[in-house]
Amino acid sequence: MCYTARGLWSFARDGGLPYSNFWYNLDPRTKAPLRCVWLICLINSLLVLINLGSTIAMNAIFSACAICTDWSYIIAIFFFSLNREKMGVPRGPFHMGKLSKPVMMYSCIWTLFVSIVFVFPNYMPVNKENMNYTVVILGAVFIGAGGWYAIDAKKWFIGPKANIDADDDSSYGIEVRSEDYEMGSAGSDPVKSNRIKVAIMESPDKGN
């Protein structure tokens, strides 16, 4: 619930929610997005009540959540695998070398297969009482979100906002610089990688 609330808060920061200015708020005492936390609590409580009336509907919601979560992974994996070289993203200390791209492609294919399985009916023969309504829920989400974007959001939504826009933002105590970083196992020669930008948050009390 906590990470979901922070994800909601980040989406509000990007202007992707109705009344984003209201949800993009941190409690001054706890420094936590309490408004988003309470919203997630309310939504979860209402969803649990569905199970009192229909377990079929509850299972459909769970399946839809699993599919949407998986797709949020494979969309990033798919485009990263195609554009890593163009983006100039250096390899981390752990990677699979030449197998990296095939493994990423396989994960995308497998996730698509599992997503199809999730919308299969749970029982045969299928009737209105035991139908898997996951596809209905997914359709409602896509139509609602896609319709909102087509009608209004495309006019102003520009995507995720960068946390650091300049090479040096001293007003926030952030220093951004390019550095070489080294990686290698113990006893081996370190391998120089590409230059990357490193953001260092300095304490406001530094030097006092």
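Residues numbered from 1 in each chain as written. Predicted model: local features only at pLDDT ≥ 70, side-chain atom pairs only at ≥ 80, totals over all residues. Heavy atoms only, no water.

- An unreviewed UniProt entry annotates the protein as Amino-acid permease 2 originating from Pichia kudriavzevii.
- The heading Subcellular location (unreviewed entry) in the UniProt record of the protein holds the text "Membrane". (UniProt positions renumbered as here; feature names shortened; annotations may be inferred.)

**Regarding the overall build of the protein**
Part 1 of the reasoning: Secondary structure assignment for the protein yields six helices and three strands.
Part 2 of the reasoning: N-terminal to C-terminal, the α/β element order of the protein is α-α-α-α-α-α-β-β-β.
Part 3 of the reasoning: A total of 208 residues make up the protein; the buried ones form 20% of that total.
Part 4 of the reasoning: Within the protein, contacts between residues separated by at least 24 positions form 52% of all contacts whose residues are at least 6 apart in sequence.
Part 5 of the reasoning: Only carbon and sulfur atoms are counted for the fraction: they give 66% of the accessible area of the protein, which is about 15400 Å². (Helix = DSSP H or I, 4+ residues; strand = E, 2+ residues; numbered from the N terminus. Buried < 20%, exposed > 50% of the residue type's maximum accessible area, 1.4 Å probe, protein only. Contact = heavy atoms within 4.5 Å. Areas by Shrake-Rupley, 256 points an atom, 1.4 Å probe, with all protein chains shown as cover.)

**Let's talk about the packing of aromatic side chains**
Part 1 of the reasoning: Applying the stated criterion across every chain yields a total of eight aromatic pairs.
Part 2 of the reasoning: Residues phenylalanine 11 and phenylalanine 157 carry aromatic rings whose centres are separated by 6.2 Å and whose planes lie at 75 degrees to one another, so their mutual orientation is edge-to-face. Placement of the pair is phenylalanine 11 in helix H1 (residues 2-13) and phenylalanine 157 in the loop between helix H6 (134-151) and strand E1 (168-169), with a sequence separation of 146 residues.
Part 3 of the reasoning: With a relative accessible area of 36%, phenylalanine 11 lands in the partly exposed category.
Part 4 of the reasoning: On the basis of an interplanar angle of 90 degrees and a centroid distance of 6.3 Å, the ring pair of tryptophan 156 and phenylalanine 157 is categorised as edge-to-face. (Phe/Tyr/Trp six-rings, centres within 6.5 Å; stacked < 30°, edge-to-face > 60°.)

**Re the packing of helix H3 (residues 34-53) against helix H4 (residues 55-87)**
Part 1 of the reasoning: Across the interface, H3 lies against H4 with an axial gap of 6 Å and an inter-helix angle of 140 degrees. By the angle class used here, H3 and H4 are oblique. Two secondary-structure elements touch here, H3 through Leu47, Ile50, Asn51 and Gly53 and H4 through Thr55, Ala57, Met58 and Ile61.
Part 2 of the reasoning: Residue composition of the contact of H3 with H4, by class: five nonpolar, three polar and no charged. (Axes fitted to C-alpha atoms, helices over the stretch in contact; angles between N-to-C directions. Parallel < 35°, antiparallel > 145°, perpendicular 65-115°, else oblique. Nonpolar A, V, L, I, M, F, W, Y, C, P; charged D, E, K, R; others polar.)

**As for the environment of tryptophan 148**
Part 1 of the reasoning: For tryptophan 148, the position within the fold is in helix H6.
Part 2 of the reasoning: Those residues in contact with tryptophan 148 that lie beyond four places of it in its chain are Gly16, Leu17, Pro18, Ala153 and Trp156.

**A closer look at the UniProt feature "transmembrane region" (unreviewed entry) in the protein**
Part 1 of the reasoning: UniProt tags residues 36-54, 60-82, 103-121 and 133-151 as "transmembrane region" (unreviewed entry).
Part 2 of the reasoning: The distance from the first to the last C-alpha atom of residues 60-82 is 33 Å, and the span holds 100% helix and 0% strand.

**A look at H3**
Along an α-helix, residues three or four positions apart point the same way, because every turn accommodates 3.6 residues.
Part 1 of the reasoning: Between its first and last C-alpha, H3 extends 30 Å over 20 residues, near the 28 Å set by a 1.5 Å rise per residue.
Part 2 of the reasoning: The complete set of buried residues in H3 reads Cys36, Val37 and Ile40. Considered in projection along H3, the buried side chains sweep an arc of 100 degrees and stay on one side of the axis. The exposed residues of H3 that point more than 90 degrees off its buried face are Trp38, Leu46, Leu52 and Gly53.
Part 3 of the reasoning: Taken together, the buried residues of H3 touch H1 and helix H2 (20-23). (Expected span 1.5 Å × (residues − 1). Arc of directions from axis to C-beta.)

**Structural notes on the nonpolar core**
Part 1 of the reasoning: Counting residues in each nonpolar core, the largest one holds nine residues, listed as Ala5, Leu8, Trp9, Ala12, Leu17, Trp23, Cys36, Val37 and Ile40.
Part 2 of the reasoning: Breaking this core down by element, the ones donating at least two residues are H1 and H3.
Part 3 of the reasoning: For this core, the element with the highest residue contribution is H1, accounting for four residues.
Part 4 of the reasoning: If we skip the residues at most four places from it in the chain, tryptophan 23 touches Trp9, Ala12, Leu17, Pro18, Arg35, Cys36 and Leu39. (Core = buried A, V, L, I, M, F, W, Y, C linked by side-chain atoms within 4.5 Å.)

**Points about the confidence of the model for the protein**
Part 1 of the reasoning: Per-residue confidence for the protein averages 76 on the pLDDT scale, and 77% of its residues sit at or above 70.
Part 2 of the reasoning: Of all the helices and strands in the protein, strand E3 (residues 191-201) carries the lowest mean pLDDT, 40, while helix H5 (residues 100-118) carries the highest, 90.
Part 3 of the reasoning: Below a pLDDT of 50 lies the segment residues 166-208, which in the model reaches 57 contacts outside its immediate sequence neighbourhood of four places, other chains included. (pLDDT = per-residue confidence, 0-100.)

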